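# Reading the structure
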Amino acid sequence: MSVVMQTNWRSLAQSLQPRNQAFIGGKFVDALSGRTFPTYNPATGQLITQIAACDAADVDKAVQVARRAFDSGIWRDLKPTERKAILLRWSQLIREHLEELALLETLDTGKPIKESVSVDVPSCASAIQWYAECIDKLYDEVAPNGPSSLVLVTREPIGVVAAVVPWNYPLIISSWKIGPALAAGNSLILKPAEQSTLSALKLAELAQQAGIPDGVFNVVPGLGPEAGQAIGLHPDIDAVLFTGSTEVGRKFLEYSARSNLKRVGLELGGKSPHIVTKDADLEKAAMYVAYAIWYNMGQTCNAGSRLIVHRSIKDQLFELMRPWARRLYPGDPLEPTTELGALISAEHCDRVKYYIELGQQEGARVAFGGRQILQETGGWFLEPTVLENVHNDMRVAREEIFGPVLVAIEYNELEEAVAIANDSEYGLAAAVWCRDITQAHLVARQLRAGTVWINAFDHTSINAPFGGYKQSGHGRDKSLHAFDKVTELKTTWVELH
């Protein structure tokens, strides 16, 4: 019997006492101002706890201890095998605290407990483990420069790294930043989204138990305009790794220019298209298109939110998607069989509903879904929704809704479909559905996106880079390429003759 089915989640939730202080210099501490902010359960609207509201003073304190730890060499200068062993212990502790971390993630974000147990927590542990295993397998270079000189090219940690992460996948996205940053020997300051702080603070507790030295890993919760801005403007932070909206990503670039030109890695928004051709396997496509937009209530940066479908098969595809809309229906996240949970907040629910209404004002029709449901719970739930009769110049086709809303755009010729797919300020991901693999590959080469799936969607692995083109950001999370954002290349020239 699986963990998710055998655990009494409600009983566990009642006994849970989540941490709510910042973690700075190896200690859990209140914000210097003494202020707090609330965090709510999206499935019930009820207060979970009050979290330390850090601001510029707390950020400065965290930077100071992170810098001292880095300069001391207590982590940076450990033998690679020793850093590896500590990170491996941390990943194992994450696995051992699976139930608590999963429950914190579900209570804080509204996602189904079955997903937190089977996907989010294991993915976090696996990412940290993978980067730990990389530590003693990365080699430096010797440039081929002839017998008269020895030219060494070495990769060194950049220094103090700050990671600012969103609320939709707190554990997973945090691990994509934590793993390479700490594996490379940096000190790290993690700023979780104010809506989803609880699991980050538990990670800090486990990091300390694993043996990560004080000051090397810090968690500074707070509001974006206070703690987030202070991170962006701090003159002694060497790099900021940000995942979130394009709007806020622009701010971090501005903060970098206004301060110390710190490196900024950005993984931003998306409006990912599915191109479905006449000869596609429609049953398979229907399942993947449904999951690609409705999984996690559409609160996914690379969600497949634009369906670009050949006019002749649109109705058939919709009929195949209807059973998935019934199956992927929102419910209580603590029920082990629930497939979809809640939207993150009342404000965000209102925003998604606004876009559904806006689409209809623009001339789109609701093919199915579109209603807010389960209001009696106090939570924020919406039906899986499809808007048809959409044109690519409509706002619902161009702006990131970040909810369970698919917009369907019809086409006649494949060249038209590619042009529609590329006619977006975003370029995070895309998919092509086509039995002719040669044709599918040719289309994939034309798509301006960081990841293109052929006859699949959201298949992923930690060893495959993830990031976008255009206003979906720059730099890559995951894979060895993630080290590029948190390291410097040094050339050491030794003249021999």
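## Here we look at the sheet that holds strand 14 (residues 365–368)
The mixed open sheet is built from 7 strands, whose spatial order is 14-17-18-13-12-20-21. The open sheet is flanked by strand 14 and strand 21 (451–454), the only strands paired with a single partner. Pairs of neighbouring strands in the sheet enclose a mean axial angle of 25°, with direction left out of account. Where strand 17 (residues 385–388) and strand 18 (residues 405–411) come together, 3 bridges link them in parallel fashion. Counterpart to L387 in the pairing with strand 18 is V407.

## Here's the deal with the side chain of H274
Relative to the elements of secondary structure, H274 occurs in strand 12 (residues 273–276). Leaving out residues up to four positions away in the same chain, H274 has contacts with Y288, V289, A292, G304, R306, L307, I308, A431, W433 and F457.

## Quick notes on the pattern of salt bridges
Under the criterion given, the structure shown has 33 salt bridges. D77 is the salt-bridge partner of R76, the closest N and O atoms lying 3.1 Å from each other. Assessed through its relative accessible area of 51%, D77 is described here as exposed. Across the pair K314 and D315 runs a salt bridge whose closest N-O atoms are separated by 3.1 Å. Overall, K314 belongs to the buried group, its relative accessible area being 9%. According to the relative accessible area criterion, D315 is exposed, its value standing at 51%.

## Remarks on the sheet that holds strand 6 (residues 149–157)
Read from one edge to the other, the open sheet built from 3 strands follows the order 5-6-24, with strand pairing classed as antiparallel. Either end of the sheet is taken by a strand with one partner, and the two such strands are strand 5 (141–143) and strand 24 (487–495). The sheet shows a mean angle of 30° between the axes of neighbouring strands, direction not considered. The pairing of strand 5 with strand 6 spans 3 bridges and is antiparallel. From the neighbouring strand, A143 faces strand 6, where its bridge partner is V151.

## Some points on the layout of surface pockets
Roughly 1,300 Å³ of internal volume is contained in the largest pocket. In terms of lining residues, the largest pocket is bounded by 47 residues, among which W167, E194, Q195, S245 and V248 are the most central. Those elements giving two or more residues to the lining of the largest pocket turn out to be strand 3 (36–40), helix 9 (224–233), strand 10 (239–243), helix 10 (246–258) and helix 13 (346–362). Considering every element that reaches the lining of the largest pocket, the biggest residue donor is helix 10, with 6 residues. Estimated volume of the second largest pocket: approximately 810 Å³. Forming the boundary of the second largest pocket are 33 residues, of which W176, D458, H459, T460 and K478 lie nearest the centre. Looking at the lining of the second largest pocket, the elements that each hand over two or more residues are helix 6 (113–134), helix 7 (170–183), helix 11 (282–294) and strand 21. With 5 residues, the single largest contributor to the lining of the second largest pocket is helix 6. The class makeup of the residues in the lining of the second largest pocket is 19 nonpolar, 10 polar and 4 charged.

## Re the environment of A43
Assignment of secondary structure puts A43 in the loop between strand 3 and strand 4 (47–52). Taking the C-alpha atoms as reference points, A43 and V164, 121 residues apart in sequence, are found 25 Å from one another. In this view, A43 contacts P333, A342, T377, G378, G379 and F381; residues no more than four positions away in its chain are not counted.

## Concerning the pairing of strand 6
Connecting strand 5 to the next strand, strand 6, in antiparallel fashion are 5 residues, including G146 with a positive phi near 90°. As paired elements, strand 6 and strand 24 share 9 bridges and run antiparallel to each other. Bridging from a neighbouring strand, P157 pairs with T487 of strand 24.

## Considering the nonpolar core
Within the largest apolar cluster, 71 residues are counted, with the highest numbers of intra-cluster contacts made by L87, W90, I94, I178, L182, I212 and F217. With 10 residues, the single largest contributor to this core is helix 6. Dropping the residues within four chain positions of it, W90 is found in contact with I128, I178, L182, L203, L206, A207, A210, I212 and F217. Counting residues in each nonpolar core, the second largest holds 67 residues, with A285, I313, L343 and A449 among its members.

## Comments concerning the state of the cysteines
Here the structure, examined in full by the defined rule, presents 0 disulfides. Its sulfur unpaired, C134 is 16 Å from the next cysteine sulfur, which belongs to C124.

## Some points on the packing of aromatic side chains
By the definition in use, this model includes 14 aromatic pairs. Geometrically, the ring pair formed by W167 and F402 is edge-to-face, given 5.5 Å between the ring centres and 85° between the ring planes. Pair noted here: W167 is in the loop between strand 7 (160–164) and helix 7 and F402 is in the loop between helix 14 (395–398) and strand 18, with a separation of 235 residues, a long-range link. Assigned by exposure class, W167 and F402 land together as buried. Ring pairing ties together the aromatic residues W130, Y131 and F483, which thus form one cluster. R19 extends its terminal NZ or CZ atom over the ring of F28, reaching a point 4.0 Å from the ring centre. Directly above the ring of F70 sits R76, whose terminal nitrogen or CZ lies 4.8 Å from the centroid.

The rules we used
- Residues numbered from 1 in each chain as written.
- Predicted model: local features only at pLDDT ≥ 70, side-chain atom pairs only at ≥ 80, totals over all residues.
- Heavy atoms only, no water.
- Pairing = 2+ DSSP bridges.
- Helix = DSSP H or I, 4+ residues; strand = E, 2+ residues; numbered from the N terminus.
- Axes fitted to C-alpha atoms, helices over the stretch in contact; angles between N-to-C directions.
- Contact = heavy atoms within 4.5 Å.
- Salt bridge = Lys/Arg side-chain N within 4 Å of Asp/Glu carboxyl O.
- Buried < 20%, exposed > 50% of the residue type's maximum accessible area, 1.4 Å probe, protein only.
- 1 Å grid on protein atoms, 1.4 Å probe; cavity = no way out; pocket = protein on both sides within 12 Å on 5 of 7 lines; lining within 4 Å.
- Points joined across faces, edges and corners; volume = space filled by probe spheres on them.
- Nonpolar A, V, L, I, M, F, W, Y, C, P; charged D, E, K, R; others polar.
- Core = buried A, V, L, I, M, F, W, Y, C linked by side-chain atoms within 4.5 Å.
- Disulfide = S-S within 2.5 Å.
- Phe/Tyr/Trp six-rings, centres within 6.5 Å; stacked < 30°, edge-to-face > 60°.
- Lys NZ or Arg CZ within 6 Å of the ring centre and 35° of its normal.

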